[in-house]
Amino acid sequence: MVKQAESICRQATLQSRENKAGPQNWRALREQLLNKFILRLVSCVQLASKLSFHYNALGYQYTKEELVESELDVLKSLNFQINLTTPLAYVEVLLEVLGYNGCLVPATQLHATCLTLLDLVYLLHDPIYESLLRASIESSTPSQLQGEKFIAVKEDFMLLAVGVIAASAFIQNPACWSQVTGHLQSITGIALESIAEFSYAILTHSVGANTPARQQSVPPHLAARALRAAASSNT
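Residues numbered from 1 in each chain as written. Predicted model: local features only at pLDDT ≥ 70, side-chain atom pairs only at ≥ 80, totals over all residues. Heavy atoms only, no water.

- If you look the protein up in an unreviewed UniProt entry, it shows as Cyclin N-terminal domain-containing protein 1 isoform X2 from Echinops telfairi.

Okay, structure coming up:
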């Protein structure tokens, strides 16, 4: 960073002598350095990390050439598409909007619980989505066609995000669940019915018997319907 700053100053000095530039030019250069300082700092850390840390990590010894070749292999396997959107990105954007909208549950608390529930959804992906499918069609035996149509639901990150946030709100403060789901409906346009069904599917695989519906042995589709009714009556 120091070398780059010295180089910029030398170039600016030469330009000022040739063009007789005034203090404004130096102020512009100062702003340029300030704006790029953090970026250059991150780049230096990453370069230093590649040169001195990774190849000595975990007791393994790799040369820099081996690291570069391995990184290229990984990038090629991913078709160089490494900036992929994840459900967490949707969750964090929605939490930020909820904070601006005056959500009663602090976003920091919701965020921590959301991270745990996202991990849970990935670990229990099949049972959670199977219970969601059964609840959505109100039947325990979905047909093959219904299963195929349900693939779109499995690929909907926004729906997953609202379900995770709603379930997190219920865990943090059940009394605020209706307010949170109402905000989520307004922000995303996703129906309360869908939010309730997804959050119930997540809750039954996380807190289990602690949910009111489980204590009363209510069938999943009826429990989700009760959640929908509760949300509708409080929004």
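Digging into helix H5 (residues 107-123)
Since the α-helix turns once every 3.6 residues, residues separated by three or four places project in the same direction.
Here is step 1: The first and last C-alpha atoms of H5 sit 24 Å apart over 17 residues, in line with the 24 Å expected at 1.5 Å per residue.
Here is step 2: Residues of H5 that are buried: Leu110, Thr113, Cys114, Leu117, Leu118, Leu120 and Val121. The buried residues of H5 all sit within an arc of 160° when viewed along its axis, so they share a single face. Summarising the geometry of H5, the exposed residues directed more than 90 degrees from the buried face are Thr108, Thr116, Asp119 and Leu123.
Here is step 3: On its buried face, H5 is in contact with helix H4 (87-100), helix H6 (125-137), helix H9 (157-172) and helix H11 (192-204). (Helix = DSSP H or I, 4+ residues; strand = E, 2+ residues; numbered from the N terminus. Expected span 1.5 Å × (residues − 1). Buried < 20%, exposed > 50% of the residue type's maximum accessible area, 1.4 Å probe, protein only. Arc of directions from axis to C-beta. Contact = heavy atoms within 4.5 Å.)

Digging into a nonpolar patch on the surface
Here is step 1: A contiguous nonpolar patch, built from Phe37, Ile38, Leu41, Val42 and Val45 and spanning about 460 Å² of accessible area, is present on the exposed surface.
Here is step 2: Examined against the element boundaries, phenylalanine 37 turns out to sit in helix H2 (residues 23-52). (Patch = residues over 30% accessible without salt bridge, like charges linked within 9 Å, V, L, I, M, F, W, Y side chains within 5 Å. Areas by Shrake-Rupley, 256 points an atom, 1.4 Å probe, with all protein chains shown as cover. Salt bridge = Lys/Arg side-chain N within 4 Å of Asp/Glu carboxyl O.)

As for the packing of aromatic side chains
Here is step 1: Scanning the model with the defined rule gives three aromatic pairs in all.
Here is step 2: Taking 6.5 Å as the distance between ring centres and 70° as the angle between the ring planes, the aromatic pair formed by tyrosine 129 and phenylalanine 150 counts as edge-to-face. Remark: phenylalanine 150 occurs in the loop between helix H7 (144-149) and helix H8 (151-154) and tyrosine 129 occurs in helix H6; sequence separation between them is 21 residues.
Here is step 3: With a relative accessible area of 2%, tyrosine 129 lands in the buried category.
Here is step 4: The buried category is assigned to phenylalanine 150, whose relative accessible area is 6%.
Here is step 5: Ring geometry for tyrosine 129 and phenylalanine 198: centres 5.5 Å apart, planes at 80°, overall edge-to-face. Residue tyrosine 129 is found in helix H6, and its partner phenylalanine 198 is found in helix H11; the two are separated by 69 residues along the sequence.
Here is step 6: An aromatic cluster is built from Tyr129, Phe150 and Phe198, whose rings are joined through pairwise contacts. (Phe/Tyr/Trp six-rings, centres within 6.5 Å; stacked < 30°, edge-to-face > 60°.)

Here we look at the packing of H4 against H9
Here is step 1: Interhelical geometry of H4 versus H9 gives an angle of 55° and a closest axis separation of 8 Å. Between H4 and H9, the interaxial angle falls into the category oblique. Pair H4 / H9 crosses with right-handed handedness. Side by side, H4 and H9 meet where Pro87, Tyr90, Val91, Leu94, Leu95 and Leu98 of the first sit next to Phe157, Met158, Leu160, Ala161, Val162 and Ile165 of the second.
Here is step 2: Residue classes in the contact of H4 with H9 are distributed as twelve nonpolar, no polar and no charged. (Axes fitted to C-alpha atoms, helices over the stretch in contact; angles between N-to-C directions. Parallel < 35°, antiparallel > 145°, perpendicular 65-115°, else oblique. Left-handed = near helix turned anticlockwise from the far one by under 90°. Nonpolar A, V, L, I, M, F, W, Y, C, P; charged D, E, K, R; others polar.)

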